Amino acid sequence: MVAPASPGDEESTLAGIAWLEAQGFHVHLGKTVDQTFGYLAGSDALRAADINTMFTSPDIDGIICLRGGYGTMRLLELLDYDMIRTHPKVFVGYSDITALHTSIRQNTGLVTFHGPMVGSDMGKGLSDYTWDYLSRAITVSAPLGPILNPADSLPPSFIAQGEARGQLTGGNLSLITATLGTPYEIDTRGKILCLEEVAEAPYRIDRMLTQLLLAGKLQDTAGIVFDVCANCELELEPPDFTVEEVLRDRLGNLQKPVLYHLHFGHTTDKATLPLGVRGILNSFSNNFEIIETATTD
């Protein structure tokens, strides 16, 4: 367990560790887990070294982040990508961890996992839905198959029609736009771009999507998946647009499938998405499916 962004709190950290151990995992703590350096979990050098050390160690099979917050962009030039490439391991997180997903995948070719974190999620106990997707994604050498919403929630819906096949990429919308114009900006060419966000008003989502449009990133995709945008309409006051209306306006004319309202971001129930494996997005069969194995024995 590492804390590559902001520090966690002791209660949720200990609860998350206990939850992991109850599932049968042996937990090894990184040096950043109990560190606080302002809004960071230790210095940049310490946080980067923690990641590099975990990838290098022969005793570690997988790395799960403590939480997001802020700080991973500060580490991108400090990671040893050549070493990481030759020590493939499970790497799990979301939110601010997006910068690490993109940089590790594009510099090493490894699959990483957009999924729940120790303090943010496991400290509260994972729902059956969340644990099912995570456990199958990181411990079973078989494709995840269809990505569905929890049975007690509304199903995702297509706001633009079409069929796409390609590798999954993406993560948090704010982080993806923040890395544009840098050596670590996302490559969306022929990819299924999965975007999630939390507590961003519709006009700010509009601004970020427009930035990606101006950069050609959305036009380059094979298809797009957008999450259940948690707390994104708290500021909604007429006259205004809803998140869905913004997505239809910004993404609806790209002539490619766009799926909206999937549980994989800042929600209690979240599917784990293996980034870097191939998937299918098909509005005609109402299907989003992972068709490639993410792990090997």
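Residues numbered from 1 in each chain as written. Predicted model: local features only at pLDDT ≥ 70, side-chain atom pairs only at ≥ 80, totals over all residues. Heavy atoms only, no water.

Identification of the protein chain as Peptidase U61 LD-carboxypeptidase A from Pelosinus fermentans JBW45 is taken from an unreviewed UniProt entry.

**Student:** Could you clarify how one ought to interpret the sheet that holds strand β2 (residues 90-93) in this entry?
**Tutor:** Working definition: the strands of a sheet are paired by backbone hydrogen bonds and lie parallel or antiparallel to each other. Pairing is mixed in the open sheet, where four strands are placed in the order β1-β2-β3-β10. For this open sheet the edge positions go to β1 (62-64) and β10 (273-275), each flanked by a neighbour on one side alone. Looking at each pair of strands side by side, their axes are set apart by 25° on average, direction ignored. As paired elements, strand β3 (residues 112-114) and β10 share three bridges and run antiparallel to each other. Within β10, the position partnered with His 114 by the bridge is Leu 273. Packing against the sheet, helix α4 (residues 98-108) makes contact with β2, β3 and β10, and its axis sits at approximately 155° to β3. (Pairing = 2+ DSSP bridges. Helix = DSSP H or I, 4+ residues; strand = E, 2+ residues; numbered from the N terminus. Axes fitted to C-alpha atoms, helices over the stretch in contact; angles between N-to-C directions. Contact = heavy atoms within 4.5 Å.)

**Student:** What's the story with the UniProt feature "active site" (unreviewed entry) in the protein chain in this structure? I'm lost.
**Tutor:** Taking the numbering used here, the UniProt-annotated feature "active site" (unreviewed entry) corresponds to Ser 95, Glu 196 and His 266. Taking the farthest pair of C-alpha atoms as the criterion, the annotated set spanning 172 residues converges on one region, since that pair is 8.0 Å apart. Here Ser 95 falls in the buried class, since its relative accessible area comes to 13%. Non-local contacts of Ser 95, meaning those with residues more than four positions away in its chain, are made with His 114, Asn 172, Leu 175, Glu 196 and His 266. When you line up the elements, His 266 lands in the loop between β9 (258-262) and β10. (UniProt positions renumbered as here; feature names shortened; annotations may be inferred. Buried < 20%, exposed > 50% of the residue type's maximum accessible area, 1.4 Å probe, protein only.)

**Student:** Any chance you could explain the pattern of salt bridges here in plain terms?
**Tutor:** Working definition: two side chains of opposite charge can pair if their charged atoms are close together. All chains considered together, the criterion is met by 12 salt bridges. Taking the shortest distance from any N to any O, the salt bridge between Lys 270 and Asp 121 comes out at 2.8 Å. Pair noted here: Lys 270 is in the loop between β9 and β10 and Asp 121 is in the loop between β3 and α5 (128-139), with a separation of 149 residues, a long-range link. Per residue, the accessibility class of Lys 270 equals that of Asp 121, and both read buried. Taken together, the salt bridges that share partners define one network made up of Asp 44, Arg 47 and Arg 74. (Salt bridge = Lys/Arg side-chain N within 4 Å of Asp/Glu carboxyl O.)

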